[in-house]
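A structural walkthrough
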Amino acid sequence: MNLTSPAFGNNQSIPAKYTCTGQNVSPPLQWTGVPPHTTTLSLMVDDTDAPGGHFTHWDVTQIPAATTSIPEGGHVGVEGTNGFGKQGYGGPCPPSGEHRYVFTLKVLDENGREVGRGELIAKYAK
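Every value quoted in this text rests on a predicted model; they were computed, and no experiment measured them.

To continue, consider the pattern of salt bridges. Counted under the stated rule, the structure contains five salt bridges. The partner of Arg117 in a salt bridge is Glu114, and the shortest N-O contact between them spans 2.7 Å. You can call Glu114 partly exposed: its relative accessible area is 38%. By sharing partners, the salt bridges in this structure join Glu114, Arg117 and Glu119 into a single network.

Here is the structure:
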């Protein structure tokens, strides 16, 4: 699977618009290569450089299998509680230095097993 964003490239800086110092809206995402027999998708955005080991910025489950993108600020599926204690997207907001933010889209079959994934990494420093 190929997960991309028209707002930033893989291993590139995420624009401030999508962070706590900007508008704090979720970036646009798009993907291709979803395998046949996919039942649902899930999306997780984690700061892997957080002081506690990782920090969840977005947790979305039950994304319909036919979905191929999420527009800027868009909502699909069921959004869980992020590490800030709020539902939905919470943009990058590192306490210091540059952090990596891993966007992971998982493909799940009818039994809930992962059958594919795509990743996109963004970087950000205040």
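Here the narrative resumes.
Ranked by size, the top nonpolar core spans 22 residues in total, and within it Leu3, Ile14, Leu29, Trp31, Leu43, Trp58 and Phe103 carry the most contacts. Mapped by element, the contributors of at least two residues to this core are strand E3 (29-32), strand E4 (40-47), strand E5 (55-64), strand E8 (99-108) and strand E9 (114-124). Every residue in contact with Ile14, bar those within four places of it in the chain, is listed here: Phe8, Thr19, Pro27, Tyr89, Pro92, Phe103, Ala122, Lys123 and Tyr124.

Let us look at the sheet that holds strand E6 (residues 69-70). In spatial order, the strands read E1-E3-E6; together these three strands make up an open sheet with antiparallel pairing. Of all the strands in the sheet, just strand E1 (2-4) and E6 have a single pairing partner and so form its edges. Direction of pairing for E1 relative to E3: antiparallel, over a ladder of three bridges. Bridging across to E3, Thr4 finds its partner in Gln30.

What follows is about unusual backbone geometry. Backbone geometry at His37 places phi at a positive 70°, although glycine is not the residue there. Of note, His37 is situated in the loop between E3 and E4. In this structure, Gln62 is a non-glycine residue whose phi angle is positive, near 55°. Locating Gln62 in the fold gives a position in strand E5.

For Pro95, the position within the fold is in the loop between strand E7 (78-79) and E8. On the basis of relative accessible area, Pro95 is assigned to the exposed category, the value being 61%. Taking C-alpha positions, Pro95 is 8.8 Å from Pro51, a pair spaced 44 residues apart along the chain.

Conventions and cut-offs
- Every residue gets a number counted from 1 within its own chain, in the order that chain's sequence is written.
- pLDDT decides what is reported in this predicted model: residues at 70 or higher carry local features, side-chain atom pairs at 80 or more are listed and counted, and totals for whole chains, interfaces and linings draw on all residues regardless.
- Calculated side-chain values reflect all of the structure's heavy atoms, with hydrogen atoms and water omitted.
- What makes a salt bridge here is a side-chain nitrogen of Lys or Arg within 4 Å of a carboxyl oxygen of Asp or Glu, nothing more.
- Relative accessibility under 20% of the residue-type maximum defines a buried residue, over 50% an exposed one, and the middle range a partly exposed one, all with a 1.4 Å probe and only protein chains included.
- Put simply, a nonpolar core is a bunch of buried Ala, Val, Leu, Ile, Met, Phe, Trp, Tyr and Cys residues held in one set by side-chain atoms that sit within 4.5 Å of each other.
- Strands are runs of DSSP state E lasting at least 2 residues, helices are runs of H or I lasting at least 4, and numbering of each runs from the N terminus.
- In what follows, residue pairs with any heavy atoms lying within 4.5 Å of each other are defined as contacts.
- Two strands are said to pair when DSSP picks up at least two bridges between them.

Remember that the coordinates give geometry; whether it matters functionally is a separate question.
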